[in-house]
Amino acid sequence: MSYASRNKFESRRVKRKATTELEEFGRAGPDPSTIYIRLWWFLNCRHTDSLYNLSVSEMKHSAEQLTRVFADDEAPINKKLPKELLLRIFSYLDVVSLCRCAQVSKAWNVLALDGSNWQRIDLFYFQKDVEGPIIENISRRCGGFLRQLSLRGCQSIADGSMKTLAQLCPNIEELNLNGCKKITDSTCQSLSRHCSKLQRLNLDSCPLITDFSLKALSDGCPQLTHINVSWCSDITENGVEALSRGCPRLKSFICKGCPHITTKAVQCLARFCTSLEVCNLFGCSNLTDEAVQSLAEHCTRLHYLCLSGCLHLTDTSLVTLAQYCHMLTTLEVAGCSQFTDIAFQALARSCRLLEKMDLDECVLITDSTLIHLAMGCPRLEKLTLSHCELITDEGIRHLAMSPCAAENLTVLELDNCPLVTDASLEHLISCHNLQRVELYDCQLITRMGIRRLRNHLPNIRVHAYFAPVTPPPSSGASRQRYCRCCIILYLHTYTI
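Residues numbered from 1 in each chain as written. Predicted model: local features only at pLDDT ≥ 70, side-chain atom pairs only at ≥ 80, totals over all residues. Heavy atoms only, no water.

**As for the overall build of the protein chain**
Selection criterion: Put simply, DSSP marks the helices as runs of H or I at least four residues long and the strands as runs of E at least two long, and each gets a number from the N terminus on. Only protein chains enter the accessibility calculation, which uses a 1.4 Å probe. A residue is then buried if its area is under 20% of the maximum for its type, exposed if over 50%, and partly exposed in between. Residue contacts are counted whenever heavy atoms from the two residues lie within 4.5 Å of one another. All accessibility values rest on the Shrake-Rupley procedure with a 1.4 Å probe; residue burial counts only the protein chains present in the view.
Helix and strand counts for the protein chain come out as 23 helices and 15 strands. Taken over 496 residues, the protein chain has a buried fraction of 48%. Taking contacts inside the protein chain between residues at least 6 apart in sequence as the whole, the part at least 24 apart equals 78%. Here the protein chain has roughly 23,300 Å² of accessible surface; of this, 52% comes from carbon and sulfur atoms.

And the structure:
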């Protein structure tokens, strides 16, 4: 078996064993004959390479020595170190390590399974194995100590185990249920009744969640500051309005892919949640300028705003943002095809903290936008200009000559910019921190131009593809197998 295969096999074996230990969480201690093996796994779980550098006899000898030191309840380390100090040490361990420590000795079992060590739990590593009984056992063991729990990707979890969690862990502050597709409004009702200290809740990709969940949270979780209901397609303005009124401390509201969110919903959110700092409205295609105006006027602390896919917005939205939201650092407006240079000129004059901008498919902007961004946004790190077909080499020249590009620009995306040529790559040579450039479908870019750029910036990643040269027509009498158009369609992709 190759070294890589052994490593992969060992990783799977350790995960299976840790999953079994997690299922037995809180049960009786281990068979003493296996203690030294379990301890060896614990000490080497992150360094399996060293496992193969030792002979079997060396492994057993080392493990036996460690067993004599730690496993005996009368050992010096257990007698001389205060329990408070051991508890503090255990508090830095993850779930897997705590389960292994619990099987070293009776003394360590008590310490490792102490509820104070189980304040922050992330079960993403076990997402395919975690089922309801495990969550219920953890809830009983942790009780009021549990503060943070991530069940991201645990698709077997349902409302019954979440009800037990809410009842037994009333002090939970952060709960991640991303991808738990069996979760329904019943879970949020349980959280509302028992978890009044809840501050962060992620319901991303929980398709059974509806307005009833948001109404329940508004009644019982007034301290909520962060919520994510992305791809919960049944959420409407009624749920958002109830949440806004009941949770005025909201700082982050993310609702990607919620087509029923309306201008009225965003206006209500802005009016009651004036501390909002992060707002993601990706794909909320029914929004109008009035929604963004209300956000800008009431939520002046906004530093992240995503309006991608909001097709009805015009320059009025960005001009209002520029007027009120001077702390903006990230703006994503991909697909907002009605924005023009006027809007981005206003932003460049007022929002000097901008670091990331996604202008994909803002088809009306020209080099004028780049000139103003170059002068007004010295912190710009990532800029997406894909499908901005009016951008030319002149705009890239102004951007590359600016202080922001020379010091901070790391990513520049120029896919489908047909007027950009090798001259733009010459200008980008001065961008010393540039790490990645996207050039797909830039027909005037050549391999030679990319090679020159890489000669000056050897660590840069350039993504592009080129159509192969069309072969000359056949001089013989035999007919070509493919016509000229079919040959051109065989595109060859390069990642340079």
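**Considering the environment of Thr300**
For Thr300, the position within the fold is in the loop between α15 (289–298) and β8 (304–306). With relative accessibility at 35%, the residue Thr300 sits in the partly exposed group. Dropping the residues within four chain positions of it, Thr300 is found in contact with Tyr324, Cys325 and Met327.

**Thoughts on the confidence of the model for the protein chain**
Do not read the predicted coordinates in detail wherever pLDDT is low. Rules: The quantity called pLDDT is the predictor's confidence in a given residue, expressed from 0 to 100.
With 78% of its residues at a pLDDT of at least 70, the protein chain reaches an overall mean of 84. Long-range and interchain partners of residues 476–496, a stretch whose pLDDT sits below 50, account for 32 contacts in this model, where long-range means more than four residues apart.

**Looking at helix α18 (residues 367–376)**
If you check which residues of α18 are buried, you get Asp367, Thr369, Leu370, Leu373, Ala374 and Gly376. Those residues of α18 that are buried lie in contact with α17 (341–350), β10 (356–358), β11 (382–384), α19 (393–401) and α20 (403–407).

**Brief notes about the pattern of salt bridges**
Side-chain pairing between opposite charges can occur once the charged atoms of the two side chains come close. Quick note on the threshold: By convention in these notes, a salt bridge is any Lys or Arg side-chain nitrogen within 4 Å of a carboxyl oxygen on Asp or Glu.
Going through the model one piece at a time under the given rule, you end up with six salt bridges. Across the pair Glu173 and Arg147 runs a salt bridge, and its minimum N-O distance is 3.9 Å. You can see Glu173 sitting in the loop between α10 (159–168) and β3 (174–176) and its partner Arg147 sitting in the loop between α9 (132–142) and β2 (148–150), a full 26 residues away along the chain. Residue Arg397 is joined to Glu394 by a salt bridge in which the shortest nitrogen-to-oxygen separation is 2.6 Å. Note that Arg397 and Glu394 are positioned in helix α19 at a spacing of three residues, about one turn of the helix. You can call Glu394 partly exposed: its relative accessible area is 38%. One network of salt bridges, with partners in common, ties together Glu413, Arg436 and Glu438.

**Section: the state of the cysteines**
The test is simple: Throughout, a disulfide means two cysteine sulfur atoms within 2.5 Å of one another.
Summed over the entire model, instances satisfying the criterion amount to zero disulfides. For the unlinked cysteine Cys336, the closest cysteine sulfur is that of Cys310, found at 5.7 Å.

**Considerations on the environment of Leu373**
With respect to the element layout, Leu373 can be found in helix α18. Put simply, Leu373 and Cys351 are 22 residues apart on the chain and 9.8 Å apart in space, counted from C-alpha to C-alpha. In contact with Leu373, not counting residues within four places along its chain, are Ala348, Met357, Leu359 and Leu383.

**Comments concerning the packing of α9 against α10**
Helix-helix packing is described using two parameters, namely the angle between the two axes and the distance between the axes. As a reminder of what qualifies: Only the stretch in contact is used when fitting a helix axis, every axis being a line fitted to C-alpha atoms; angles between N-to-C directions are given from 0 to 180 degrees. Between 65 and 115 degrees an angle is taken as roughly perpendicular, under 35 as roughly parallel, over 145 as roughly antiparallel, and anywhere else as oblique. Ten residue types, Ala, Val, Leu, Ile, Met, Phe, Trp, Tyr, Cys and Pro, are classed as nonpolar, four, Asp, Glu, Lys and Arg, as charged, and the remainder, Gly among them, as polar.
Two elements in contact, α9 and α10, have axes whose closest approach is 9 Å; the angle formed by their N-to-C orientations is 5°. One element, α9, and the other, α10, form an angle in the roughly parallel class. From α9, Gly132, Ile135, Glu136, Ser139 and Arg140 reach across to α10, where they touch Gly160, Ser161, Thr164, Leu165 and Leu168. Across the contact of α9 with α10, the residue classes break down as three nonpolar, five polar and two charged.

**Observations regarding the packing of aromatic side chains**
Applied cut-off: For this analysis, a ring pair means two rings from Phe, Tyr or Trp (six-membered ring only for Trp) whose centres lie within 6.5 Å, classed as stacked if their planes differ by under 30 degrees, edge-to-face if by over 60, and tilted for the remaining angles. When the NZ atom of lysine or the CZ atom of arginine is within 6 Å of a ring's centre and also within 35 degrees of its normal, the charge is said to sit over that ring.
Counted under the stated rule, the structure contains five aromatic pairs. Each ring, one from Phe90 and one from Trp108, has its centre 5.3 Å from the other, and the planes form 75°; the classification is edge-to-face. Linking Phe90 in helix α6 (residues 83–90) with Trp108 in helix α8 (residues 106–112), this pair joins segments that are 18 residues apart in sequence. The same class applies to Phe90 as to Trp108, namely buried. With a centroid separation of 5.1 Å and 85° between ring planes, the pair formed by Tyr125 and Phe126 is classed as edge-to-face. Among the residues examined, Tyr125 registers a relative accessible area of 40% and is labelled partly exposed. In this arrangement the basic side chain of Lys215 is found over the ring face of Phe212, its NZ or CZ atom lying 5.8 Å from the centre.

**Quick word on the side chain of Asp422**
As a reminder of what qualifies: When charges are counted, Lys and Arg contribute as positive and Asp and Glu as negative, whereas His and the chain ends are disregarded.
In this structure, Asp422 sits in helix α21 (residues 422–428). With no salt bridge to any partner, buried Asp422 finds its closest opposite charge in Arg452, at an N-O distance of 4.1 Å. Apart from the residues lying within four places of it in its own chain, the contact partners of Asp422 are Leu444, Ile445, Thr446, Gly449 and Arg452.

**A look at the environment of Phe272**
Mapped onto the elements of the fold, Phe272 is located in helix α14 (residues 263–272). Using a relative accessible area of 29% as the deciding quantity, one classes Phe272 as partly exposed. Along the primary structure Phe272 and Cys247 are separated by 25 residues, whereas in three dimensions their C-alpha atoms are 8.3 Å apart. Those residues in contact with Phe272, other than ones at most four positions away along the chain, are Ser244, Arg245 and Pro248.

**A few points about the packing of helix α11 (residues 185–194) against helix α12 (residues 211–220)**
At a closest axis distance of 8 Å, the pairing of α11 and α12 adopts a crossing angle of 5°. Judged on the interaxial angle alone, α12 and α11 are roughly parallel. Counted together, Asp185, Cys188, Gln189 and Ser192 of α11 and Phe212, Ser213, Ala216, Leu217, Asp219 and Gly220 of α12 form the full contact between these two elements. Of the residues belonging to the contact of α11 with α12, the class tally is four nonpolar, four polar and two charged.

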